[in-house]
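Observations on the model geometry
The lines below spell out each chain.
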Amino acid sequence: MRSYLSLVPISAKVHRRQNRMTLLCIIFAVFMVTAVFSMAEMGMRMEQARLMEKHGNLSFLDLIGSAMGQSLLGIAVVLFLLILLAGVLMISSSINSSVAQRTKFFGMMRCIGMSRQQIIRFVRLEALNWCKAAIPIGLAGGVVITWGLCAVLRFLVGKEFSTIPLFGVSLFGIICGIFVGIITVLIAASSPAKRASKVSPVTAVSGNAEDKKTIHHSASGRFVRIETALGIHHAVSSKKNLILMTGSFALSIILFLSFSVMIRFVNYLMPQSAAASDLDISSGDSSKAISADLIEKIQAMPGVKVVYGRRSDFDVSAVWQGKTSYSDSLDLISYDDFDLKCLKTDGVLKSGSDLSKVYGDSRYVLATSDQDSLWKIGDHIQIGEESLEIAGLLKYDPFSSNGLTEGKMTLITSSETFVRLTGTTEYSLVMIQLTSDATDENVRAIQLAVGDEYSFHDQREQRTAGTYAAFVFCVYSFLAIIALVTVLNIINSLSMSVSARIKQYGAMRAVGMDERQLIKMIAAEAFTYAFWGCAAGVIVGLPLNKWLYEILITEHFPYALWHLPLTSLIVILLMVFFAAASAVYGPAKRIRSMAVTAAINEL
């Protein structure tokens, strides 16, 4: 052996099992960053090609300098920093526990002449040695998943993604991945390396380096049993370890809450309505409305799934009777039964709405609304001699360009109610949904049946169901990876924490503590980390979730208000506590099968 640094690969081989989680954390960080920035560049290349074809001259910098480019770049930087910070905390926690388990090893190295600076260099090089395997795996995974996602978008989604590069390699994404891998490890190894260098040879060899603090009082068992108090004490006694452990858990929660915003962003960007049509027929500039006979004729044609229409009457004089009464004009829109049913399916009705009252020839209506609307459920609207009651409110105005009512009320009625109020039986808009096996010949037959009297619009090319599914799949995949790493990190961190204190547990068993009490003590330690990690994650994650929501969604969709992401919050919190409960099993099994003498003599 030429140098003490030759021990680095030997140590990595000996502690291969203990280092698996650290390697996984590095792979996770590199993979996430490579995939995110590679997909972003593939999207930019596709958009650049499209705009070049359209405008003839456009540089990549022009795309980045646009308002949307700046917004996406800002979000990417925030997510990049979150991934970097999460990787640092998780890796640092893992290295810290590894150092705590090997104090005797570092003490022996000090005894044979290794200086503090050499100890620091050894720990850092040991950490960098993991990068030799982890970074290539993370890069390969990021590139392959980028190819896979591009293939899905190009061949399964098609349409606007038909020109996305199929086997493109993003040099920028790879550089970012390598940078994250190396920087994460160097930052994470800094504190544990200094900790290892401060261990004196005599203390380390004696095996008492784990806790040099003088204990002035015992763990209090006044309110909880002594084993629970000891578990909590183990968790909070080392402030640095507590910060690292809870910080890594908290960052997982923050990442989960941040990525969950993307689901809602896609929902607003590409809304999927059950009432979305494939073909539209409108009266256009013609003064002649569409007769109900045409709807019956089209419904019987091959390839037609359902036909539904809307009638409209604008600027109808009305008197609104709520907390105050005043006269104004409003718009009346009729929905067929299928259209009304889709409102509930799409979840666009506010809480407290009763859609069942609106069906048929009734005196109940729905009203569009936004955050500034004054009308409420239960208010009455007087139109001529008719008094109508608002039975439900829509969350936004689907008939305006920005989703806001701008102070004007629009009432949605059933077809029967509309005919009774206005006497109009003809439609202003007819929409058609086709069957999955409908052909272009079926569409041409429908167009011939419509004739030149009305405007005919083929909306099939504007459907975004495939694109929506692809984006949702990507986001959920990232969320699943974050959740998986969270679980594995908690299990591994607690296992290493127990391994670092194995001599203490052996001494406790020697003085009479039974297996059940030891398991309770480990569980108390695990749930202490989980509690503080959840608290910190929620305190930081919710404001960040709100900030991302406002930048991505509210700025572009003013009617979309931020609400507490209760579902995402419950899912990730349950995941953390489930992982904490699962983390107890492995250490408990190891302690249960270990003899007292073996525990005391554990290196």
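**Thoughts on the environment of isoleucine 10**
- Turning to its location among the elements, isoleucine 10 is positioned in helix H1 (residues 7–14).
- The spatial distance from the C-alpha of isoleucine 10 to the C-alpha of glutamate 126 is 9.9 Å, given a sequence separation of 116 residues.

**Looking at the packing of aromatic side chains**
- As enumerated under the stated definition, the model contains ten aromatic pairs in all.
- Between tyrosine 396 and tyrosine 559 the ring centres are 4.7 Å apart and the planes differ by 25 degrees, which places this aromatic pair in the stacked class. With tyrosine 396 in the loop between strand S7 (386–393) and strand S8 (410–414) and tyrosine 559 in the loop between helix H17 (515–554) and helix H18 (566–583), this pair connects stretches of sequence that are 163 residues apart.
- Given the relative accessible area of 17%, tyrosine 559 is considered buried.
- Chaining the aromatic ring pairs together yields one cluster made of Tyr268, Tyr396, Phe557 and Tyr559.
- Over the ring of tyrosine 427 we find arginine 311; its NZ or CZ atom is 4.0 Å from the centre of that ring.

**Quick notes on the confidence of the model for the protein chain**
- On average, residues of the protein chain score 80 in pLDDT, and 83% of them are at 70 or above.
- Averaged pLDDT values over the elements of the protein chain bottom out at 59 in helix H8 (residues 201–206) and peak at 94 in strand S5 (residues 364–367).

**Side note on the sheet that holds strand S9 (residues 429–434)**
- Spatial ordering of the open sheet is given by S2-S9-S1-S10, a layout of four strands whose pairing is antiparallel. With one partner strand each, in any of the chains shown, strand S2 (304–310) and strand S10 (455–458) form the two edges of the open sheet. For this sheet, the mean angle separating the axes of adjacent strands, direction not counted, is 15 degrees.
- Seen against the sheet, helix H12 (residues 337–345) touches S2 and S9 and runs at an angle of roughly 95 degrees to S2.
- With respect to the sheet, helix H14 (residues 440–450) is in contact with strand S1 (279–282), S2, S9 and S10, its orientation differing from that of S10 by roughly 165 degrees.

**A closer look at the packing of helix H9 (residues 226–237) against H17**
- Axis separation between H9 and H17 bottoms out at 7 Å; the angle between their running directions is 40 degrees. Accordingly, the angle class assigned to the pair H9 and H17 is oblique. Here the hand of the crossing between H9 and H17 comes out right-handed. Of the residues in H17, those in contact with Glu227, Thr228, Leu230, Gly231, Ile232, His234, Ala235 and Val236 of H9 are Gln517, Lys520, Met521, Ala524, Glu525, Thr528 and Tyr529.
- The residue makeup of the contact of H9 with H17, split by class, is seven nonpolar, five polar and three charged.

**Observations concerning H14**
- Among the residues making up H14, those that are buried are Asn442, Val443, Ile446 and Val450. Seen from one end, H14 has its buried residues packed into an arc of 100 degrees, which puts them on one side.
- Structurally, H14 contributes buried residues whose contacts are with S1, helix H11 (292–299), S2, S9 and S10.
- Positive backbone phi, approximately 75 degrees, marks glycine 451, located one or two places after H14.

Cut-offs applied
- Residues numbered from 1 in each chain as written.
- Predicted model: local features only at pLDDT ≥ 70, side-chain atom pairs only at ≥ 80, totals over all residues.
- Heavy atoms only, no water.
- Helix = DSSP H or I, 4+ residues; strand = E, 2+ residues; numbered from the N terminus.
- Phe/Tyr/Trp six-rings, centres within 6.5 Å; stacked < 30°, edge-to-face > 60°.
- Buried < 20%, exposed > 50% of the residue type's maximum accessible area, 1.4 Å probe, protein only.
- Lys NZ or Arg CZ within 6 Å of the ring centre and 35° of its normal.
- pLDDT = per-residue confidence, 0-100.
- Pairing = 2+ DSSP bridges.
- Axes fitted to C-alpha atoms, helices over the stretch in contact; angles between N-to-C directions.
- Contact = heavy atoms within 4.5 Å.
- Parallel < 35°, antiparallel > 145°, perpendicular 65-115°, else oblique.
- Left-handed = near helix turned anticlockwise from the far one by under 90°.
- Nonpolar A, V, L, I, M, F, W, Y, C, P; charged D, E, K, R; others polar.
- Arc of directions from axis to C-beta.

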